Amino acid sequence: MGLNLVARTTLEYPPATFEPFFVIAQTFAICERYVIIQTRVMQVGFIDGIFYVAVLIMSVVIHEVAHGYSAYLLGDDTAKLSGRLTLNPLKHLDLFGSIILPLLLILTKSGFIIGWAKPVPYNPRNLKRGRKDDFIVSISGITANLLIAIIFGLILRFLPMIGLAIDSSLFLSFVNIASIIVITNLVLALFNLIPIAPLDGSKVLFSVLPARLRFIENFIEKWGIFLLVIFIVYIWEYVAPIIYIIFKFITGISLI
């Protein structure tokens, strides 16, 4: 799970964003001989942990840049003027939240990983079509993660057709890497779809809510953090299996 809060300033539009670095549904994807097996995070080694964090960082960076770039195309150049329309992770990382804290949690075998990155700012007042464009900006990060998952998932599905030996070390290594990328981006997309502030899903919901239902937005904004904690602790484990279903649908590989 990852925390990513935006300060409410004039240029950086208040709704805060909450970009999950990782949400663990009690399993971690590891590939061996084209079969995915489940393993708990505390079994992951330090080197593997560094690699997983690297995948998470780049997935979140792409997610954030997608928000900023879609806003730019729709008339807001706040992210561009801030130098944030770049895939250079150094422009997006928070030293403690993006690197130190996740690695400490891995080293201490905490059983979960939490972290945050700097959000890409945008000003909705510059958008040409108001809430319609706000919807596009809000959904663009989720869409980017889904596209990444689909691309690498389809590569996994059709990889054996290129003639690479299924039992070769190169094949197994790529399957492992690609599976982690797919899982990570599916988790990011699904978790962000939850309509609880300050997740992207709440902004998608707010952009389509009629004025007479604005009280729902006010309630979710006010109590969002508490609702999110309740969701993560009590509900996420029942939602997470959807990731396994989507993973198998895209890749043809079963997680269980």
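This structure is a prediction, so every number in the text was calculated from the model and none was measured. (Residues numbered from 1 in each chain as written. Predicted model: local features only at pLDDT ≥ 70, side-chain atom pairs only at ≥ 80, totals over all residues. Heavy atoms only, no water.)

In this section: the overall build of the protein. Each helix and strand in the protein was counted, giving 8 helices and 2 strands. Beginning at the N terminus, the succession of helices and strands in the protein can be written as β-β-α-α-α-α-α-α-α-α. Classification of the 256 residues of the protein by burial places 49% in the buried group. Long-range contacts, defined as pairs at least 24 residues apart, comprise 69% of the intrachain contacts of the protein with a sequence gap of at least 6. Entry remark: accessible area of the protein is about 12,700 Å², with carbon and sulfur atoms responsible for 69%. (Helix = DSSP H or I, 4+ residues; strand = E, 2+ residues; numbered from the N terminus. Buried < 20%, exposed > 50% of the residue type's maximum accessible area, 1.4 Å probe, protein only. Contact = heavy atoms within 4.5 Å. Areas by Shrake-Rupley, 256 points an atom, 1.4 Å probe, with all protein chains shown as cover.)

Formed by 27 residues in total, the largest nonpolar core has its most connected members in L186, I194, W236, I243 and F247. The set of elements that each furnish at least two residues to this core consists of α4 (131-158), α5 (169-192), α7 (214-239) and α8 (241-251). Ranked by residue count, the leading element in this core is α5, at 10 residues. Contacts of L186, omitting those with residues within four sequence positions, involve L146, A149, I243, I246, F247 and I250. (Core = buried A, V, L, I, M, F, W, Y, C linked by side-chain atoms within 4.5 Å.)

Turning next to the packing of α5 against α7. Between α5 and α7, whose axes approach to 13 Å, the crossing angle comes to 125°. When the axis of α5 is compared with that of α7, the two are oblique. α5 and α7 meet at a crossing whose hand is right-handed. In this structure, α5 contributes V187, L190 and F191 to the contact, and α7 contributes L228, I232, W236 and V239. Of the residues in the contact of α5 with α7, the class split is 7 nonpolar, no polar and no charged. (Axes fitted to C-alpha atoms, helices over the stretch in contact; angles between N-to-C directions. Parallel < 35°, antiparallel > 145°, perpendicular 65-115°, else oblique. Left-handed = near helix turned anticlockwise from the far one by under 90°. Nonpolar A, V, L, I, M, F, W, Y, C, P; charged D, E, K, R; others polar.)

This paragraph deals with unusual backbone geometry. In this structure, the amide linkage connecting A197 to the following residue, P198, adopts the cis form with an omega of 5°. Following the sequence through the fold, P198 ends up in the loop between α5 and α6 (200-208).

We now examine α7. The end-to-end C-alpha separation of α7 is 27 Å, well short of the 38 Å expected for 26 residues at 1.5 Å each. In α7, a bend of some 70° at G224 exceeds every other bend along the element. Buried within α7 we find E217, I220, G224, L228, F231, W236 and V239. The inward-facing, buried residues of α7 abut α4, α5, α6 and α8. (Expected span 1.5 Å × (residues − 1). Bend = angle between axes of the 7 residues up to and from the residue.)

Before going further, it helps to spend a moment on the environment of G252. Along the polypeptide, G252 turns up in the segment after α8. As for G252 and R157, which are separated by 95 residues in sequence, their C-alpha atoms are 5.9 Å apart. Filtering out sequence-adjacent residues up to four positions away, G252 remains in contact with R157 and F247.

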